[in-house]
Structure formats: structure tokens, C-alpha cells
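This is what each chain is made of:
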Amino acid sequence: MAAPPPVSREPASNSSASDQPVVVLEQLSKKYGTFTALEDLSLKLYPGQILGLIGPNGAGKTTAIKILVGLIRPTSGTAQIAGADCVRDSHQIKRLVGYMPDRFGAYDNMRVREYLDFFGAAFGIRCKTRIARIAEVMEITGTEYMKDRFVESLSHGMQQRVGLARTLLHDPRVLILDEPVNGLDPQARIEMRDLLIRLAGLGKTLIVTSHILPELSRICDRVAILTHGRMRAFGTVEEIGRQVSQRRTMEAHLASSEQVAAAAQTIRRHLEADAEVTEVPLEATVRFRSARPEQELGEVLAQLVKANIRVTQFREVQTDLEEAFMTFTRPAESTPAASPSPGGVTHV
Amino acid sequence: MFKALVLRELMTVLRQPRMLALQCGLVTLFTLLVAVRWPTDARVALSGVRSQEVFQLFALGLLAIVLLLLPVFPATNIVREKQQGTLALLLNTPLGPWRILFGKLLALSALAAIIFATSLPAASACYAMGGLSWSMLCSVYGLLVLAALEYLTLGLLISSHANSTDAAVRGTYGTMLGLSVLSLGPHYFFQGTKGALADGGEYLRSLSPFAAMMSLLSAGDMGGNGLISTTDVARRFMIGALVISTIAALWTVSRLNHTIFDQARAAGKISDDQSWQVQTARRLFFLVDPQRRSQGIGSFTNPVMVKEFRCRRFGRLHWLLRLVAVCAVLSLGLTYAATAGTLDWGVETIGSILVVMQVALVVLITPSLSSGLLSQEIESGGWQLLQMTPLSTWQIVWGKLLSVIVPLALILCATLPGYVVMVYIEPGMKLQVQRVVICLVATAVFAMLLSAAVGSLFSRTATATAAAYTVLLTICAVPLLIWLGRDAPFGHDVVETALQFNPIAAALSVIRLPGFRDYTLIPANWWFLGIVSVISLIVLLVRTGRVSRAR
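Note that this is a predicted model, so its numbers are computed, not measured.

**Q** Residues and numbers for the overall build of chain A, please.
**A** What chain A contains, in helices and strands, is eleven helices and 16 strands. Within chain A, the fraction of its 348 residues that count as buried is 47%. Long-range contacts, defined here as pairs at least 24 residues apart, represent 70% of the contacts in chain A between residues at least 6 apart.

**Q** Which residues make up the domain arrangement of chain A, and what values do they have?
**A** Here chain A is partitioned into domain 1 (23-242 + 325-342) and domain 2 (246-317). Between domain 1 of chain A and domain 2 of chain A, the C-alpha centre-to-centre distance is 42 Å.

**Q** Give a description of the domain arrangement of chain B that names residues and reports values.
**A** All names here are of chain B. Each assigned domain of chain B is listed here: domain 1 (2-36 + 48-260) and domain 2 (299-548). Centre-to-centre, using C-alpha coordinates, domain 1 lies 25 Å away from domain 2. Between domain 1 and domain 2, the residue contacts involve 23 residues of the former and 24 residues of the latter. Of all elements in the fold, only helix H3 (49-69), helix H4 (72-84), helix H8 (165-180) and helix H9 (185-190) reach the threshold of two or more residues within the side of domain 1 that touches domain 2. Here the side of domain 1 that touches domain 2 gets eight residues from one element, more than from any other, and that element is H3. Looking at the side of domain 1 that touches domain 2 residue by residue, the class counts come to twelve nonpolar, eight polar and three charged.

**Q** Describe the packing of helix H19 (residues 393-414) of chain B against helix H21 (residues 430-456) of chain B, naming the residues involved and giving the relevant values.
**A** Residues and elements named next belong to chain B. In the contact formed by H19 and H21, the axes pass within 11 Å of each other and the chain directions differ by 155°. Put simply, H19 runs roughly antiparallel to H21. In this structure, H19 meets H21 at a crossing whose hand is right-handed. For the pair formed by H19 and H21, the contact residues are Val 404, Leu 408 and Leu 412 on the first element and Leu 440, Val 441, Ala 444 and Met 448 on the second. Classifying every residue of the contact of H19 with H21 by side-chain character gives seven nonpolar, no polar and no charged.

**Q** Could you give an account of the nonpolar core, with specific residues and numbers?
**A** Among the nonpolar cores identified, the biggest contains 236 residues, and A:Ile176, A:Leu206, B:Leu63, B:Val66, B:Leu143, B:Met213 and B:Ala507 are the most heavily contacted of them. Sort the elements by how many residues they give to this core and H21(B) lands first, with 15 residues. Residue contacts for B:Leu143: discarding those within four places in its chain leaves B:Pro209, B:Ala212, B:Met213, B:Leu216, B:Ala234 and B:Met238. Within the second largest apolar cluster, twelve residues are counted, among which are A:Met250, A:Val260, A:Leu271 and A:Val286.

**Q** Pulling in residues and values, what's your account of the packing of H4(B) against helix H7 (residues 134-161) of chain B?
**A** Between two packed helices, what matters for the description is the angle formed by their axes and the separation of those axes. All names here are of chain B. Running from amino to carboxyl end, H4 crosses H7 at an angle of 30°, the nearest separation of the two axes being 7 Å. Regarding the angle of H4 to H7, the classification is roughly parallel. Classified by chirality, the crossing of H7 by H4 is right-handed. In this structure, H4 contributes Pro 74, Ala 75, Thr 76, Asn 77, Ile 78 and Val 79 to the contact, and H7 contributes Leu 152, Gly 155, Leu 156, Ile 158, Ser 159 and Ser 160. Grouping the amino acids of the contact of H4 with H7 by side-chain chemistry returns seven nonpolar, five polar and no charged.

**Q** Please provide a residue-by-residue account of the sheet that holds strand E6 (residues 97-100) of chain A, values included.
**A** All names here are of chain A. An order of E6-E7-E8-E3-E9-E10 is seen for the six strands of this open sheet, with the pairing classed as mixed. Only two strands of the sheet have a single partner each, and these edge strands are E6 and strand E10 (230-235). With direction set aside, neighbouring strand axes in the sheet form an average angle of 15°. Sheet analysis places strand E9 (residues 222-227) next to E10, joined by five bridges and oriented antiparallel. Bridge assignment links Ile 225 to a residue of E10, and that residue is Ala 233. Against the sheet, helix H1 (residues 61-68) engages strand E3 (50-54), strand E7 (174-178), strand E8 (205-209) and E9, with an angle of about 145° to E7. Contacting E3, E7 and E8, helix H6 (residues 186-201) runs over the sheet at an angle of about 150° to E8.

**Q** I'd like a description of the interface of chain A and chain B, backed by residues and values.
**A** Taken residue by residue, the interface counts 35 residues in chain A and 28 residues in chain B. Secondary-structure elements contributing two or more residues to the side of chain A that touches chain B are helix H2 (90-96), helix H3 (112-122) and helix H4 (127-141) of chain A. No other element matches the six residues that H3(A) contributes to the side of chain A that touches chain B. Within the side of chain A that touches chain B, the residues separate by chemical class into 17 nonpolar, six polar and twelve charged.

**Q** Pulling in residues and values, what's your account of H3(A)?
**A** When you tally the buried positions in H3(A), you get eleven out of eleven residues, the bulk of the element. The set of residues buried in H3(A) consists of A:Val112, A:Arg113, A:Glu114, A:Tyr115, A:Leu116, A:Asp117, A:Phe118, A:Phe119, A:Gly120, A:Ala121 and A:Ala122. Considering only its buried residues, H3(A) is in contact with H4 and helix H5 (156-168) of chain A together with helix H14 (303-311) of chain B.

**Q** Let's hear about the sheet that holds strand E14 (residues 311-317) of chain A: which residues, and what values?
**A** One key point about sheets: their strands pair by backbone hydrogen bonds, in either a parallel or an antiparallel sense. All names here are of chain A. The strand order across the open sheet built from four strands is E12-E13-E11-E14, with neighbouring strands paired in antiparallel fashion. Single-partner strands in this sheet number two, and they are strand E12 (276-280) and E14. Neighbouring strand axes in the sheet, compared pairwise and without regard to direction, differ in orientation by 15° on average. In this structure, strand E11 (residues 248-254) lies alongside strand E13 (residues 285-290), joined through six bridges in antiparallel fashion.

**Q** Please set out the pairing of E11(A) residue by residue, giving values where relevant.
**A** Pairing between E11(A) and E14(A): six bridges, direction antiparallel. Across the sheet, residue A:Ala252 finds its bridge partner in E14(A), namely A:Phe314.

**Q** I'd like a description of unusual backbone geometry, backed by residues and values.
**A** Negative phi values dominate among residues other than glycine, just as trans dominates among peptide bonds. In this structure, B:Pro523 follows B:Ile522 across a cis peptide bond, with omega equal to 15°. We note that A:Asp40 has phi near 45°; this positive angle belongs to a residue other than glycine. With respect to the helices, strands and loops of the structure, A:Asp40 is situated in strand E2 (residues 35-45). At B:Arg512, a position not held by glycine, the phi torsion is positive, near 65°.

About the thresholds
- Residues numbered from 1 in each chain as written.
- Chains lettered and ligands numbered in written order.
- Predicted model: local features only at pLDDT ≥ 70, side-chain atom pairs only at ≥ 80, totals over all residues.
- Helix = DSSP H or I, 4+ residues; strand = E, 2+ residues; numbered from the N terminus.
- Buried ≥ 20, exposed ≤ 12 C-beta atoms within 10 Å, placed from the backbone.
- Contact = placed C-beta atoms within 7 Å.
- Domains from an automatic or database assignment.
- Nonpolar A, V, L, I, M, F, W, Y, C, P; charged D, E, K, R; others polar.
- Axes fitted to C-alpha atoms, helices over the stretch in contact; angles between N-to-C directions.
- Parallel < 35°, antiparallel > 145°, perpendicular 65-115°, else oblique.
- Left-handed = near helix turned anticlockwise from the far one by under 90°.
- Core = buried A, V, L, I, M, F, W, Y, C linked by C-beta atoms within 7 Å.
- Pairing = 2+ DSSP bridges.

Dropping the structure here:
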């Protein structure tokens, strides 16, 4: 199979396709006796958005997902998908949501086409329409070539693709995918990532959980970090990065490593006393973290130039999702819970 | 290292709380077996007849328990290790296949020894009553040990070939039932005659531990109809058990190497893509070619039923059609032979063969089809996916039950031509045949619902299958054990009451088979089957509802 060309993605805005949110969670909580699995989770998702739900094991991700698909009842709060309540309108939810659990759910001695045919029939799709729809989802997910293979004999990556084809059969508005890239090799991971982006491009709203954070940061419009059942941060990767630290990480690449010490000295002179400045002679780079505003950082660059230091690059280093994740999960108790702002951006 | 293997094997099983419950249950059962027949009057029979009667019942009960309980342990042993990946680790150790096999066999034998040990107090009580010799006691336990060894090695062999635990359980219980019960069939019908068929029946009977035990206890011949057999069945069985155990052990050892994992993934070959000659040949051979590209599920068909048919290996249409064809040809052939006078059998005997054949098929096939209806979905993760479809719980259950009803209906219909010919020859048998058909239908419904209900209580398919087989075989076997002691120690009323719970006995009494014709078993048996079926259906629905409910 020829690999599809890589797909790039611009984050979808909150009002790109529609002003009406598709997924609305309001103060959703789930308790098992005295144990709180999920506490006051509130968020909104708009059509075409991809939400990355991340958190350590036992953070409440799967609980949140299972409430959304109607497998678990919340203790309090509401969850709605396209206006349908996840508890009261569970029948409607089944048609609105495509759910791919972390376990594939293979049936022995069943070929891929038979497998899809069964789930299509279970969704009540008429025979002729179903045949056409199966061909369509197979094309979208690139599974046509394995239609006669037995599902239990497929590799993990193939099974994930077939699982995705299964969730698409009834053309749901929202796709909820539990660990879709878990256990996939790099090539399969890239293919899955492109596939998810393409599905978002088709107007589907996606909720994805994953432990592979670089993958999420590449495809998600919004990221929610959960720990101990509480949402610690919600927003775009950049917004979350800024929530992690008020200080920005900057990097100055120099033409020669001999000037590293001089550059570091100049930078220190123009920053606050507690600013962290790191010299990396091997890379001919000086990295520093500072809370100074943009204009003052520009002054630092001017001073470097004035000191005859040849700067080839002067840029901000984005806080990556892994760093944000570690920041929020480590001091979990001390971090306050996040609450979404009207625009869908959460302030911590 | 060998010791570590044995300990691991043994501790894994003994750590389970259910093993403690099993041991307590066994001690209670053995105590009851003896206590029920313990003399209540002050007189003591000097000949020890009473003691021997009690011991006969005890020994046969112990054998039945060993055969019902023990096979599940070896059946799941190797295949589970293969699935969990621990077999690969084990094969990578310096332990060779011989030591692995004997380690497993030793640990499993220790389990058998525990079962025997729980029976010793009851055996001692029988011995204390007098009339029993040490040699008799030792011979009985020797036979039990050999029977256990035979089924343990066979279980391990089947487990080494199986790809799933439930398939291994099915295969092992099927083999056990075939060797211990079905092997008695030919002798029953050919006894007293001469020729190859009679000799074959005699040899086949010697494979059954029940026949050997009866012979050892001098309790007469099983289903002997008053004929006395001079064959030393016990000795033949012991030799046979040793030979079978040796062959099974050697065969299992040959499987315990890298080849057990060396299987290519199925490429998914499709007949439609092959030449028309191949397609025609396959069509002729299979009748329904399993490798043909299947059509889409009809818009008005229950998709769960079709799914069940497609995803089960055992019970697929091409096998069922063959089975039905064999049953139909056999029933017609037997009836024709009786009509043409080539066989000196009465219509009742022919009818009995048909009944035994059908009941055996129903009892063998039904638990394997219906016990895993719920547990298989839960185990494979398919239940969550089914819940996410708009199908209601009732639609799912009905689809699954339909997938069992259809093959059972085919099996029942297969012998109908034989019955029709029978009624044509002997019009007076019309009412009997009608009642037999009702008995068979009731048995099939009972077996299906009971297996499904018992299986729904477990989340692992192998456990569900083993439990369903155990319950069904207990209901079928225990009354027959009591029937074996119909002259002594049990009286007519006790035997009749016990047989009223047995669907096989009811059908055989209706067809008026010698040995069963003296008991009036219907409608009591039909009431029993009906009530248990309804309760089972309720249990199945409640369990399914509980599993489906959002928590």
C-alpha cells in the first residue's frame, strides 16, 4: 500500500464551522464510594476540533470517555453530544458517536469485510447502502487490501485501522478513540496521525487519548490534562505551555562557539538576577529563561549585536507537551483545577 | 529447576479460592454417597453384601467425579501458557520438553491425588463395614489412577494442539465422553452375537473406565441385558490406558518445541479468486464452501446470528451439513436394514440407536455452542462494541440463541426420515415416536438454555464451557449411575425418581428400550426440563441485562 502524503494541520478555531459546540461537558463527576474517579470536568468542543485527553494512569480519562459513550453513568453533572444527553438519550448517542476502545474486539474466523458487514448491519444500515459504505470507509482508512484477511491474524497496526473503519461505518459526528496509536510502529503512527487529521478535515470532532504526547501535540487543537480525576489544564498546546511557566525559554544560536561565554555574559547583564542562562558550547548556543516582555528581549538581541557577537538565530523555544504534562502531573496536589473560559481557553 | 516448575504448576491452581471450595464439596459429596446407603438397622450382614453395594456406588461416583472434574485442568494448561506467552519463556529455559511435560503431569497428578485423598475417609468407612478386601480397594484405586493418567495425558495433548482454551476444553470433554460413554454403545447392540462387529464392540467397550470399574466390582455388565461377559475388561482397560497415555505423552513432547508457535498468519485465501475448476471441486467437497466470499447480511436478518455462524469454527454450516447428512444416511440405513431383515433387531432397538445418537450429539455439541455466548464476547472485548450499536439486549440474546437453535434443529431433523420409516413399518409406534420427538426437542432446548445460563455466570470462556459440560453431564450421568445400581442397592422407586431428571432416560423409556421400559418418566421429566429451561432463560436474561447496564 502506498503511504498517503503527510497531512499538515492548522488548529481549528472555536467558530470555524459552527458556533454550536458538539461536545459539552458540565461539571461532570463520577464517584465510586469514597473514591472520586472524575471531578467537575467541564469543557466544550466544536466541529472539526481534535481534543487530546492526557493524564497518567488512573487520571480519569477512560471514565470520562465511558460516560460520553453511555457505558457509565455520571454521579453528577451532564454530558451532551450534539444536544443529546449521554444518559437519557443513550440510543441517540450510539448513532452520534463512533467509539474505538483500547481493545480491538476481534472475532475469530471472521474476515475484515465480514467484520465490517456485521457492525454495519448492527447499526441497521441497509444491505446495498452498507456494501457501498464499507467500500468507502475502507478507502478512507486504507484497509481495502486486507478485506479478505481474518481479523485475528492482522497486525496491531492493521487492527487499529480496521477498528477506525468500524467506528466510521455509521458516519458518526464524534469519534472517541482510546489510545489509537498505542503499540504502533513509527510508520503506522504517522499514517494514523494523518488519518485522524483527515477525519477532522471531514468535519468530525475527535476525542483522542494517548500516552505518546508528541503525537498529540502535532494533531490536537485542544489538549486537556487530567490528574486524579481533575482537569489541570485545557487549551491549545501553546496556551498550556504558557500556563506551565510565565517565563519564556529563548535560544541564541551563534556563528562560533568561541563567542558563547561572551554572549552569556551579555545576556546575564540585561536580564533579571534570577534568570537561568545556560551555555551550550558544543551547539554554539546560549539558552535562557526570562519573564521579560518582548521589547526587552529585543533589547538583549540588540546588545549582543552591539557587542560584535554574530547571532545566526534568536528565537523562542516552545514548551512542549511533555514538559507541560510533567509539570502538571508532578505537583498534582498543589496545582489548582482549571476552569474553562467562555472562549474555550482555560486559565489556571 | 524441575521442582520449581512442579511447584509453580501446582500453586497456581491451589491458590484459587475455588479449589478450597471444591475440596470441601468433594468431602461432603463422598460422605453423603456413603451415608445415604449406610445401614440403619442393628443387624450386620456377615457376607458383606451391603458393604459391597455401598462401595460399588462410591467407586462409580468417584470415577464419575474424576472424569468430570479432572479434564479441565490439563485441557487449559498448555494452551493458556501459549496464549499468555509463558510457554515461550519455559521453552527458552534449559528444561527440555520431557521435563516440562513431566513437571506438568506431576503437578496435575497431585491434583488427582488430592481428589483421591478426599475420598479416602469414605473408602475407609466402606472397608470398616467388612466384606471388602485390600486387594479390591487397591485395584479400584489403581484403575482410578490409570483413568486419571489417561485423561490427563490426553488433555495435555489436546491442549498442545488447540488455539483457544475453550476449544481445548471442548475437545478434551468430547474425547472423554467418547471414550468413557459412547464406546459402550456398539457392545450394547452387538452383545450376544458373533463376528467382527461383536468383537469390535467388545474391544471398544474395554476403553471405557465405567465398563472396567463395573467388571472389577463384579457388578455385572453395563447394560448387559442379563448376558454375562467372560472378557477381562478391567485388564484390557488398564493396558489400553497405559498405551494411550504413553502415545499421548510422546505426541505432546513432540509438540513442545518452537514449532508450536511456528504458524503463519492466515493469508485469507478466497475461493472466488481461484480457477473455476478449484471452485467447482471445493463446492462439491464442502457443499457450502467456507472460503467463498460471503454475501452481505440481509437487511431483515438478525446480524448477531450471522456473526455467530461466521465466527465459530465448530458449528459452521459446512460441518453441520455433513453431520446432518451422516445422521440422515445412518438413520435411513439402520431402518432399512431392520426392514430388510439383514439385522435381527426390533424397531425399538433401531429407535433406541437413533435416540442415543441424537441425544449424544445434543449433549456433546450444545454446551460448546451455547456456553460461551456471553463470556466469549466479554473476554474478546466484543461486548463493549455490541453495546455501542443500536441493537437491544434482547436482539443480541435472541440472535445468539438462534445461532444455537438452527444447528440443533438440523441435528434433530436429520433422523426424522428414520422415524418416518419406522412408523411406516410399525404404525402402532406413532404415539411412541411422537413422544420421543417431544423428548428430543425438550432435551435440546433444555441443554441449550442450561448451558447458556451456566456459561453466563462466568467471564472466561474456558471456565464457562467446562462448567456447562460439568452441569449437563452431571444431570445426564448421575441418574444413569443410580440406574446401574437398579437391582442393588437401589430400589425401583429410587431409580425411577432419579431417572425422571434425566432427558436421555426419558427418551429411552418412551422408545421402550429394555432396562428403561419399566419406568414411567414422562410427564415428570418434561415438567423438570420445562421448569429448568424457563429458570435458565430468566438467569440468562438477568445476567445479560446486568452486564449491559451502564454502571
